[in-house]
Amino acid sequence: MTRYQLAVLLFSGLCLQSISTAQTMTIWAGVYSSEQAARGEIIYNTACIACHGKDLGGNSNSPGLAGMGFMFLWEGRTLGTFFEKIQENMPTDRPGKLPAQDYVDVVSYIMQANAFPNGDNELPKDLDALNDIAITARP
Ligand code: HEC
């Protein structure tokens, strides 16, 4: 192999690498299942609805969790950050007291309420995996 060929090979390798790192997964990829969101709805209705409202619209003290308000705050961040925020602070009267599975199920319900598509797989409760899923306004 000549030095020129080697250089071409290295350069194309670098290009491929930058393409693959640029492709992060987003919430539009079908990251939760409808069964999981149904479980999350039950949790929401027992642990969150009193403050955040039936349609996730919030009340005079608590922010809404769906629609423009959600995107305004969360666009450009990850589902991991969103999950952590909920796990560390919610419900405000007993933060962190629900099982991790309940928190991730309730996140999937909030995704469904925001009309992000569902898919075949469940949202994992693994923080690293959640941190790989970006919240974007468009697919
Ligand atoms: C007793 C009332 C109360 C309950 C119950 C409650 N929250 Fe909250 N929540 C709040 C208040 C008040 C805030 C605003 C203060 C803050 O961000 O910490 C908030 C903030 C949030 C936020 C951040 C909103 C944003 O966009 O910045 C999320 C997400 C959230 N709550 C989700 C939940 C979930 C999910 C549950 C159920 C597991 C829940 N909350 C239960 C009162 C409540």
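Figured I'd write up the structure that's included with this text. What you see is a predicted model, and the numbers here were worked out from it, not measured in a lab.

Comments concerning the site of the ligand
Here is step 1 of the chain: Surveying the vicinity of the ligand reveals 18 residues, the closest of which are C48, C51, H52, W74 and M90.
Here is step 2 of the chain: Between the ligand and H52, the relevant distance is 2.8 Å, taken from a nitrogen atom to a side-chain nitrogen or oxygen of the residue.
Here is step 3 of the chain: K85 places a polar side-chain atom, nitrogen or oxygen, 2.9 Å from an oxygen atom of the ligand.
Here is step 4 of the chain: Of all the secondary-structure elements, those providing two or more residues to the shell around the ligand are α3 (49-52), α4 (68-74) and α5 (79-89).

Considering the coordination of the iron atom of the ligand
Here is step 1 of the chain: Within the protein, the atoms that donate to the iron atom of the ligand are H52 (NE2) and M90 (SD), at distances of 2.0 to 2.2 Å.
Here is step 2 of the chain: Taken together, the six donor atoms coordinating the iron atom of the ligand and their angles of 86 to 178° define a geometry best described as octahedral. Here H52 is found in helix α3, whereas its partner M90 is found in the loop between α5 and α6 (100-113), with 38 residues between them in sequence.
Here is step 3 of the chain: For H52, a relative accessible area of 10% gives the class buried.

Focus: the packing of helix α2 (residues 34-47) against α6
Here is step 1 of the chain: Where α2 meets α6, the closest approach of the two axes is 7 Å, and the angle between their N-to-C directions is 105°. Classified by the angle their axes make, α2 and α6 are roughly perpendicular. Of the residues in α6, those touching α2 at Q36, A37, R39, G40, E41, I43 and Y44 are Q101, D102, V104, D105, V106, S108, Y109 and Q112.
Here is step 2 of the chain: Split by residue class, the contact of α2 with α6 holds six nonpolar, five polar and four charged.

Looking at the environment of F83
Here is step 1 of the chain: Examined against the element boundaries, F83 turns out to sit in helix α5.
Here is step 2 of the chain: The exposure class assigned to F83 is buried, which follows from its relative accessible area of 3%.
Here is step 3 of the chain: Along the backbone, F83 and L127 are 44 residues apart, and their C-alpha atoms lie at a distance of 8.1 Å.
Here is step 4 of the chain: The residues contacting F83, other than those within four sequence positions of it, are A100, Y103, V104, V107, K125, L127 and L130.

Regarding the pattern of salt bridges
Here is step 1 of the chain: For the structure on display, the rule yields two salt bridges.
Here is step 2 of the chain: Here R39 makes a salt bridge to D105, at a shortest N to O gap of 2.9 Å. Here R39 is found in helix α2, whereas its partner D105 is found in helix α6, with 66 residues between them in sequence.
Here is step 3 of the chain: What makes R39 partly exposed here is its relative accessible area of 32%.
Here is step 4 of the chain: Among the charged side chains, a network of salt bridges with common partners joins R39, D105 and E122.

Basis of the calculations
- Residues numbered from 1 in each chain as written.
- Predicted model: local features only at pLDDT ≥ 70, side-chain atom pairs only at ≥ 80, totals over all residues.
- Heavy atoms only, no water.
- Near = heavy atom within 4 Å.
- Polar contact = N/O pair within 3.5 Å; in protein donor to acceptor, adjacent residues only side chain to side chain.
- Helix = DSSP H or I, 4+ residues; strand = E, 2+ residues; numbered from the N terminus.
- Donors = N, O, S within 2.8 Å, 3.2 Å for Na, K, Ca; no water.
- Tetrahedral: all angles 85-135°; square planar, octahedral: opposite > 155°, others 65-115°.
- Buried < 20%, exposed > 50% of the residue type's maximum accessible area, 1.4 Å probe, protein only.
- Axes fitted to C-alpha atoms, helices over the stretch in contact; angles between N-to-C directions.
- Parallel < 35°, antiparallel > 145°, perpendicular 65-115°, else oblique.
- Contact = heavy atoms within 4.5 Å.
- Nonpolar A, V, L, I, M, F, W, Y, C, P; charged D, E, K, R; others polar.
- Salt bridge = Lys/Arg side-chain N within 4 Å of Asp/Glu carboxyl O.

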